There are 2 protein chains.
Amino acid sequence: MLTYDLEQRGNSTIYEYLYRCIKQDILDGTLAADGRLPSKRKFAKHHQVSLKTVENTYEQLLTEGYIYSEEKRGYFVSPLETDTGSKQARHQNHVPFSVHGSDALSPAPSPSLSDSKSTGFFADFTSNQTASEKFPYDAWAKLIRSILSQGDNNLLQAVPFEGLYDLRVSIAKYLYGFRGMQVSPDQIVIGAGAEYLCGQLISLLGRGRIYALEDPGYRKTAEIYRINGASCEYIRVDENGLCPELLRESPASVVHVSPGHHFPTGSIMPVARRQALLEWAEEDADRYIIEDDYDSEFRFSLRPIPAIQSLRHNHRVIYVNTFSKTLTPAIQIGYMVLPRKLAERYLSAMKGCSCTVSALEQYALAAFMDNGYFERHIHRMKKYYKAKRNCMLGVLERSPLYSHVTVEEKDAGSHFLLHLDTPLSDTELKWLARENGVRLDCLSEYYAGDKAQRAHTIIVNYSDLEEAAFRRALEVLLLAVSE
Amino acid sequence: MLTYDLEQRGNSTIYEYLYRCIKQDILDGTLAADGRLPSKRKFAKHHQVSLKTVENTYEQLLTEGYIYSEEKRGYFVSPLETDTGSKQARHQNHVPFSVHGSDALSPAPSPSLSDSKSTGFFADFTSNQTASEKFPYDAWAKLIRSILSQGDNNLLQAVPFEGLYDLRVSIAKYLYGFRGMQVSPDQIVIGAGAEYLCGQLISLLGRGRIYALEDPGYRKTAEIYRINGASCEYIRVDENGLCPELLRESPASVVHVSPGHHFPTGSIMPVARRQALLEWAEEDADRYIIEDDYDSEFRFSLRPIPAIQSLRHNHRVIYVNTFSKTLTPAIQIGYMVLPRKLAERYLSAMKGCSCTVSALEQYALAAFMDNGYFERHIHRMKKYYKAKRNCMLGVLERSPLYSHVTVEEKDAGSHFLLHLDTPLSDTELKWLARENGVRLDCLSEYYAGDKAQRAHTIIVNYSDLEEAAFRRALEVLLLAVSE
């Protein structure tokens, strides 16, 4: 029987410790591929821990793709790439997926109806605005007041281009505690939002190369690449995220991925695929992975999925995230973690440029993180979004529309997908909704390539959606079904 | 005798009114080119105003190039281009200047010694840091506290991409009152500093074209263009600023100029040349002038020079400025004024992007401007810099070095040029200074083309320089002379 010494767990919880031990044994081959794990019940009894603890542990390993389950047979170790440098035959994760061709250099989705101002809609499924009333405004205001009253002369000095050192330390601590990333503050760069930082990355890595973007994908990302004059190629995303084999077939040397929580499909990339991406990056001297971790904080269950940046062989991974989603869009602070060499190159290339974030808000954010406000806020928001999600799904289940829809939901983020049984085209569906006061986007709009794919699938962003409005909106959608 | 009805001057001062009347008469041809103006004394007596008022009026017109003076003969109307569309023969301004060839696509000056951290220097001539203790910190902090305590929900909402409307209104009012620019808030875009906005402009205007930059010029500007992947050509700057004939010979379709106060030469572009630039822009459908008005607020004497943007035929002028220099570098807020059509194109192209400046500081800056703090601060800083400049020049005059230098100073900004009678090369001069604790840049370093030009000329930024440190630094420079 698989045995771990719980006495060795230090300050970790039992769950964390068991998760880490099993993961490590899988990664270093102690647990062989396709080997069966003990049943949850036996494992719990053997270690004299609660069944719930083991369930959580297995669940987390399952979500991350380290293990797979077979009905009535139990849990098995996934065949993983344990050395990203090696070229041995590699299995994909157990979940079957189909491979689609990528459309080289397809244009970004063109602006559509849905981009117009949201006036006149009683329900807006497209708004992913953070619930601003949840932001701990009083704490934030108190910190700013306190910093102002220190009257520190530093508040009037230019901040270093890469950002305030104090804030970079706070971010490094946070990343260590919550994302399992061991990074030095020297690798961190702060800027006025993730969009700005992406533009900087394109300048740093060069406009002469091809950037691979997810298809479907977050529209703003494609916009940022377009605005910054970068050439892009779209790579198909399936239920496990971006397909590494298609990436390998493309001429791209940088890939921009959101493995933690893909928008709009909601898919979470299993660890095997994360490793396949790392392997791809290793194959050529100048390849990079831009890991866009936007929204990863809001996974409802268990621990967040470890970042690609936290895996081994991460010296080609650039990690990007923002506080605009977790805190409020009124605070434009993003950050990125660069591999050490790239960080040095960046600072030398951008020397003489100015930091785009004001000193006051950098000091405030550092204090906000150091005093635990950020952590508590994330925790509260996860609960809030989870409750909101459950409430929305409840409204849906009680609605007459329920028998005409399929919900796709991945326990994360602040949106789900609604597949509607309708004879209408997506354009007709959008117009019908629009004329009846509902603003929505269809999944097909987020495809750069074959837009006919995944038709009749509505994206429901619920972070800014009221229950009553959602109920009324479902009545509108019923028109699309009965017509 | 030239006569203006002082009763018609409304709320203007006599000086402003006379300045405007004479300027208008010159522009519309009422006062013919090369015609003589009445003597200052006669003009003052005739209008029953003080001699000082007329002296100020003539001085301003002279600085802007509307009139010229000949020793012992008096003042004359400059031959100007009165309609930028016409192609009639055109005289250059009366000040003679030599024409140098431009170096097509020369690289930007490479980073040099002087870019390293300024630790270990007792005097740093390269720092143009604003005197931070002069910033009205208490007023700023009070405004921020007051905005925070309103607890307005707007503080947590995303600001429109182009910036907070209130702040754009405040900027439009300021530009009208202080720069004679009539612009709508809809033409104004706010962003995290002028550097960021320049990057946005390059995205908007396109990377396929060639941008003309000043040679010599502000290093950061060249850096920004390089970082953003734009192709640049350097155009020679003489004592009247960038040479329009050389611009016309180049393939550039956008020119980035600082007519208000050129760094590092300090030159101010006379109105004839400003008009020549406008004419150049009119000659082709897709040409633009980016008017970088950085530092223009700190002209010591009289009114600031009117912006190119405020002249007629300004629909190809993009005006860019920042608050980082006027307030504090810790506040990264810049703005630009776009011609109406371009503003529409910009907003449509960048739709979906986020504003890079936090809501709180935009509200604070709007209140700071609306309550007159900004205006009073500028006024105080002008006095402060003028006193500092006079103090520095006094130190220089009393120093043994004085007989070995020539000072070039244009009554503006926060730096002057010091031409040193030395056998050393500029590199040797820099090293000598460096080894003795003085950090300095030479004018020659700012040339992309012929660097041998203007050798032995030191740039003295005095905004951050202490009197005693300057005195000691001059002793160091004496070593260069006596060697």
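Residues numbered from 1 in each chain as written. Chains lettered and ligands numbered in written order. Predicted model: local features only at pLDDT ≥ 70, side-chain atom pairs only at ≥ 80, totals over all residues. Heavy atoms only, no water.

Caption draft 1: A look at the overall build of chain A. Along the backbone of chain A there are 14 helices and 16 strands. Taking the principal axes of its C-alpha atoms as reference, chain A extends roughly 65 × 60 × 45 Å. Across the 483 residues that make up chain A, the buried fraction comes to 61%. Across chain A, contacts joining residues at least 24 apart in sequence account for 75% of those joining residues at least 6 apart. Surface summary for chain A: the accessible area is close to 19,100 Å², and the carbon and sulfur share equals 49%. (Helix = DSSP H or I, 4+ residues; strand = E, 2+ residues; numbered from the N terminus. Buried < 20%, exposed > 50% of the residue type's maximum accessible area, 1.4 Å probe, protein only. Contact = heavy atoms within 4.5 Å. Areas by Shrake-Rupley, 256 points an atom, 1.4 Å probe, with all protein chains shown as cover.)

Caption draft 2: View of the sheet that holds strand β10 (residues 317–322) of chain A. Residue and element names in this part refer to chain A. Read from one edge of the open sheet, eight strands run β4-β11-β10-β9-β8-β5-β6-β7, paired in mixed fashion. The open sheet has two free edges, formed respectively by β4 (188–191) and β7 (241–242), since each of these has just one partner strand. Alignment of β10 against strand β11 (residues 334–337), held across four bridges, turns out to be antiparallel. Across the sheet, the residue bridging to V320 is M336, located in β11. Lying over the sheet, helix α5 (residues 165–179) contacts β4, β10 and β11, oriented at roughly 115° with respect to β4. Sheet strands touched by helix α9 (residues 271–282): β6 (231–238), β7, β8 (254–257), β9 (288–292) and β10. Its angle to β9, the strand with the most contacts, is close to 145°. (Pairing = 2+ DSSP bridges. Axes fitted to C-alpha atoms, helices over the stretch in contact; angles between N-to-C directions.)

Caption draft 3: Geometry of the pattern of salt bridges. Residue and element names in this part refer to chain A. One pass over the full model with this rule turns up 36 salt bridges over all chains. Of the charged contacts in the structure, one is a salt bridge between R179 and D293, with a shortest N-O distance of 2.8 Å. Of this pair, R179 sits in helix α5 while D293 is found in the loop between β9 and β10, placing the two residues 114 residues apart along the sequence. Across the pair R209 and D286 runs a salt bridge whose closest N-O atoms are separated by 2.7 Å. Within this pair, whereas R209 is found in the loop between α6 (194–205) and β5 (210–215), its partner D286 is found in the loop between α9 and β9, the two being separated by 77 residues in sequence. For D286, a relative accessible area of 34% gives the class partly exposed. One connected set of salt bridges, linked through shared partners, spans R219, K430, D441 and E445. (Salt bridge = Lys/Arg side-chain N within 4 Å of Asp/Glu carboxyl O.)

Caption draft 4: Local environment of the interface of chain B and chain A. Counting from both sides, the interface comprises 47 residues of chain B and, opposite them, 47 residues of chain A. When the two sides are added together, the surface that chain B and chain A hide from each other amounts to roughly 3,900 Å², 56% of it contributed by carbon and sulfur. The three residues of chain B that bury the most area against chain A are Y137(B), L156(B) and I227(B), which together make up 18% of that side's buried surface. Between the two partners, chain B and chain A, sit zero salt bridges. (Buried area = accessible area lost by both parts, 1.4 Å probe.)

Caption draft 5: Summary view of the pairing of β9(A). All names here are of chain A. Taking burial as the measure, the five residues of β9 include five buried ones, the bulk of the element. Here β9 shows a buried face lined by Y288, I290 and D292 and a second buried face lined by I289 and E291. Taken together, the four bridges between β8 and β9 define a ladder with parallel strand orientation. Looking at β9, one finds that V254 is bridged to Y288. In this fold, the crossover linking β8 to β9 by way of α9 has right-handed handedness. Pairing geometry for β9 and β10, over four bridges, is parallel. Among the inter-strand pairings, E291 is bridged to a residue of β10, identified as Y319. (Right-handed = clockwise from strand over helix to strand, strands pointing away.)

Caption draft 6: Summary view of the packing of helix α1 (residues 14–27) of chain A against helix α3 (residues 51–63) of chain A. Residues and elements named next belong to chain A. Relative to each other, α1 and α3 sit at 45°, their axes nearing to 9 Å. What the angle tells us is that α1 and α3 run oblique. Classified by chirality, the crossing of α3 by α1 is right-handed. Facing I14, Y15, L18, Y19, I22 and K23 of α1, the residues of α3 in contact are T53, N56, T57, Y58, Q60 and L61. (Parallel < 35°, antiparallel > 145°, perpendicular 65-115°, else oblique. Left-handed = near helix turned anticlockwise from the far one by under 90°.)

Caption draft 7: Seen up close, the sheet that holds strand β15 (residues 441–442) of chain B. Residue and element names in this part refer to chain B. In spatial order, the strands read β12-β13-β16-β15; together these four strands make up an open sheet with antiparallel pairing. In this open sheet, the two strands that pair with only one neighbour each are β12 (405–408) and β15. Pairing analysis gives four bridges linking β12 to strand β13 (residues 415–420), with the strands arranged antiparallel. If you follow T406 over to β13, its bridge partner there is H419.

Caption draft 8: Seen up close, the domain arrangement of chain A. By domain assignment, chain A separates into domain 1 (6–93), domain 2 (111–135 + 376–482) and domain 3 (152–371). Its C-alpha centre places domain 1 of chain A at a distance of 28 Å from the equivalent point of domain 3 of chain A. (Domains from an automatic or database assignment.)

Caption draft 9: Local environment of empty space enclosed by the protein. Counted according to the given criterion, the structure contains 12 cavities of 30 Å³ or more. In this structure, the largest cavity encloses a volume near 320 Å³. The wall of the largest cavity is formed by 26 residues, among which Y196(A), Q200(A), N228(A), Y196(B) and Q200(B) lie closest to the centre. Secondary-structure elements contributing two or more residues to the lining of the largest cavity are α6 and α7 (219–227) of chain A together with α6 (194–205) and α7 (219–227) of chain B. The leading source of residues in the lining of the largest cavity is α6(B), at five residues. Of the residues in the lining of the largest cavity, the class split is 12 nonpolar, 11 polar and three charged. Its volume calculated, the second largest cavity comes out at about 260 Å³. For the second largest cavity, the lining is made up of 24 residues, of which G217(B), Y218(B), T221(B), S258(B) and F263(B) are closest to its centre. Elements with a minimum of two residues in the lining of the second largest cavity: β5 (210–215) and α7 of chain B. (1 Å grid on protein atoms, 1.4 Å probe; cavity = no way out; pocket = protein on both sides within 12 Å on 5 of 7 lines; lining within 4 Å. Points joined across faces, edges and corners; volume = space filled by probe spheres on them. Nonpolar A, V, L, I, M, F, W, Y, C, P; charged D, E, K, R; others polar.)

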